[in-house]
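Examining the three-dimensional arrangement
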Amino acid sequence: MTDGIDWNAIEQFVGYGAPDAPFVFVGTEEGLDKYADLEHDLLTRSRYRPYMDLLAAQGALACGNEYIGEHVKSQRTWRPMCDLMLRFENTAPTDELRKRYQGTRLGRIPGQTLLAELLPYPRNKADGSWPYTQWNRFGDFEQYKNALLLPRINLLRTAIHAHPPKLIVCYGKTYWDEYARLANVQEWRDAGAFRFGKDASTGAGVVLTWHFTRAPFNTDEQLAQFYQHAKSALE
C-alpha cells in the first residue's frame, strides 16, 4: 500500500457484476478521462472487493453516475453488450431499451452480466502517457503489461472456471491471443470481425471480437449479426 492506495486490491479486482453471472464480457482495460481524478479514483478502487456492483462502484468514482442509473447517456462500449443481452431475452432492442438495460441492469449484483478487464489500471490510451510513475508503479506501459498480464489472465481464468458462465465475450482484437488463454477452446471458427468456439472444459461459448466501439457494431443489422455469432458459439 502506498499513500493509502492498495495496489494489491486494484490488481485483484475481477469485475463488475456477480461471480456466477451467465454472461461475461472481458475488455482490455478501463479508460481514464481526467488525470486530475486519478488519485481519487485509485483510492476508491482500493476499497473495491473482487466483485462489485457497477452502480455502487461507478457512483463512488469522480465521474459519478453519468452512465448508470435511471436516466443515462449511452456508453459506446456498453451499447453492444446491452443489445446482445436484450436479444438473448427475445426483446427487440431499441436505443431506449439499450440505455435502460445499461442504466439499471448491466454489471449489477445480482444480475446476468459480469464486466471484467485483462489489465487492472485505468488508462488513457489515446495520448499514450503513463501516469503511474508518480507512485513508482512501473516505468512505462510495457513494463506494467509484462508484469501483470499473465497474473491477470490466471486470475480471470480461475474466476471464470469457479463459476462457468454460459457465454464469454472478449473484445479488442489486439489481445485475441491473450483472451484465448481464458478458455479451453479446441477449434475456433472465424467470421469477419469475430472468432468463436466452445470451451471444452466448461461448455461455455466463447466469442472474440473487435472492440465494441469499432465499425462492426455501428448499425442494428451489425448488432444482429453479433447476436447470431454469439448464438453460434453456444452450439
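Residues numbered from 1 in each chain as written. Predicted model: local features only at pLDDT ≥ 70, side-chain atom pairs only at ≥ 80, totals over all residues. Heavy atoms only, no water.

Let us look at the overall build of the protein chain. A tally of regular secondary structure across the protein chain gives 8 helices and 8 strands. Computed over C-alpha atoms, the radius of gyration of the protein chain comes to 17 Å, within 12% of the 18 Å expected from 2.2 N^0.38 for 235 residues, which places it in the range of a compact globule. Its C-alpha atoms give the protein chain principal-axis dimensions of roughly 50 × 40 × 30 Å. The buried share of the protein chain, reckoned over its 235 residues, is 51%. Carbon and sulfur atoms provide 46% of the accessible area of the protein chain, an area that totals close to 10900 Å². Here the protein chain holds 27 positive side-chain charges and 29 negative ones, and the gap between their average locations is 4 Å. (Helix = DSSP H or I, 4+ residues; strand = E, 2+ residues; numbered from the N terminus. Rg over C-alpha atoms; globule rule 2.2 N^0.38 Å. Buried < 20%, exposed > 50% of the residue type's maximum accessible area, 1.4 Å probe, protein only. Areas by Shrake-Rupley, 256 points an atom, 1.4 Å probe, with all protein chains shown as cover. Lys, Arg positive; Asp, Glu negative; His and termini not counted. Charge placed at Lys NZ, Arg CZ, Asp CG, Glu CD.)

Next up on the list: the side chain of Ser232. Relative to the helices and strands, Ser232 is located in helix α8 (residues 220-233). Classification of Ser232 by relative accessible area gives buried; the value is 18%.

With that out of the way, let us pick up the packing of aromatic side chains. Scanning the model with the defined rule gives 24 aromatic pairs in all. Ring geometry for Trp130 versus Phe141: centroids 6.2 Å apart, planes at 65°, classification edge-to-face. Of the two residues, Trp130 is situated in the loop between β4 (113-117) and α6 (141-162) and Phe141 in helix α6; the sequence distance between them amounts to 11 residues. Taken as a pair, Trp130 and Phe141 share a single burial class, namely buried. Seen in terms of ring centroids, Phe212 and Phe226 are 5.6 Å apart; in terms of plane orientation they differ by 55°. Their pairing is tilted. (Phe/Tyr/Trp six-rings, centres within 6.5 Å; stacked < 30°, edge-to-face > 60°.)

Our focus in this paragraph is the pattern of salt bridges. According to the stated counting rule, one finds 12 salt bridges in the structure shown. When the shortest N-O distance is used, the salt bridge between Arg45 and Glu30 registers 2.9 Å. One end of the pair, Arg45, is in helix α2 (residues 38-45); the other, Glu30, is in the loop between β2 (23-27) and α2, and 15 residues separate them in sequence. What makes Arg45 buried here is its relative accessible area of 5%. Classification of Glu30 as buried rests on a relative accessible area of 15%. Among the ionic pairs, Arg98 bridges to Asp220, the shortest N-O distance being 3.4 Å. With Arg98 in helix α5 (residues 95-104) and Asp220 in helix α8, this residue pair connects regions lying 122 residues apart in the sequence. The buried category is assigned to Arg98, whose relative accessible area is 4%. A cluster of three or more residues bridged by salt bridges with shared partners is formed by Asp83, Arg87, Asp95, Arg98 and Asp220. (Salt bridge = Lys/Arg side-chain N within 4 Å of Asp/Glu carboxyl O.)

Moving on to the nonpolar core. In a soluble, globular protein the nonpolar side chains are often hidden away together inside. Membership of the largest hydrophobic core comes to 39 residues, with the highest contact counts inside it found for Val26 and Tyr179. Looking at this core, the elements with two or more residues in it are α1 (7-11), β2, α2, β4, α6, β5 (167-171), α7 (176-180) and β8 (205-209). Beyond its immediate chain neighbours, meaning those up to four positions away, Val26 contacts Ala116, Glu117, Leu118, Leu156, Ile168, Val169, Cys170, Tyr171, Tyr179 and Leu182. Membership of the second largest hydrophobic core comes to 34 residues, among which are Met52, Trp78, Phe88 and Tyr101. (Core = buried A, V, L, I, M, F, W, Y, C linked by side-chain atoms within 4.5 Å. Contact = heavy atoms within 4.5 Å.)

Right, let's get into the sheet that holds strand β6 (residues 189-191). Across a sheet, strands are paired by hydrogen bonds formed along the backbone, either parallel or antiparallel in direction. Across the sheet, which stays open at both edges, the 8 strands sit in the order β3-β1-β4-β2-β5-β8-β7-β6 with mixed pairing between neighbours. Both outer strands of the open sheet, β3 (51-52) and β6, are each paired with one neighbouring strand and no more. In terms of strand pairing, strand β1 (residues 15-17) meets β4 through 3 bridges, oriented antiparallel. Across the sheet, Tyr16 pairs through a bridge with Leu115, a residue of β4. In the packing of helix α4 (residues 78-88) onto the sheet, contacts are made with β2, β4 and β5, and the angle to β2 comes to roughly 165°. (Pairing = 2+ DSSP bridges. Axes fitted to C-alpha atoms, helices over the stretch in contact; angles between N-to-C directions.)

So, on to the layout of surface pockets. Taken as a whole, the largest pocket encloses approximately 970 Å³ of empty space. Along the walls of the largest pocket sit 39 residues, with Glu30, Gly31, Leu32, Asp33 and Gln75 positioned nearest its centre. Breaking the lining of the largest pocket down by element, the ones donating at least two residues are α2, α3 (54-59), α4 and β4. Of all the elements, β4 adds the most residues to the lining of the largest pocket, at 3 residues. For the lining of the largest pocket, a count of residues per class yields 16 nonpolar, 11 polar and 12 charged. Each pocket or cavity is described by its volume, and for the second largest pocket that value is around 170 Å³. If you trace the second largest pocket, you find it lined by Thr28, Glu29, Arg123, Lys125, Phe141, Gly172, Lys173, Thr174, Tyr175, Trp210, His211 and Arg214. Broken down by class, the residue content of the lining of the second largest pocket amounts to 3 nonpolar, 4 polar and 5 charged. (1 Å grid on protein atoms, 1.4 Å probe; cavity = no way out; pocket = protein on both sides within 12 Å on 5 of 7 lines; lining within 4 Å. Points joined across faces, edges and corners; volume = space filled by probe spheres on them. Nonpolar A, V, L, I, M, F, W, Y, C, P; charged D, E, K, R; others polar.)

None of the figures reported here should be taken as evidence of function without further support.
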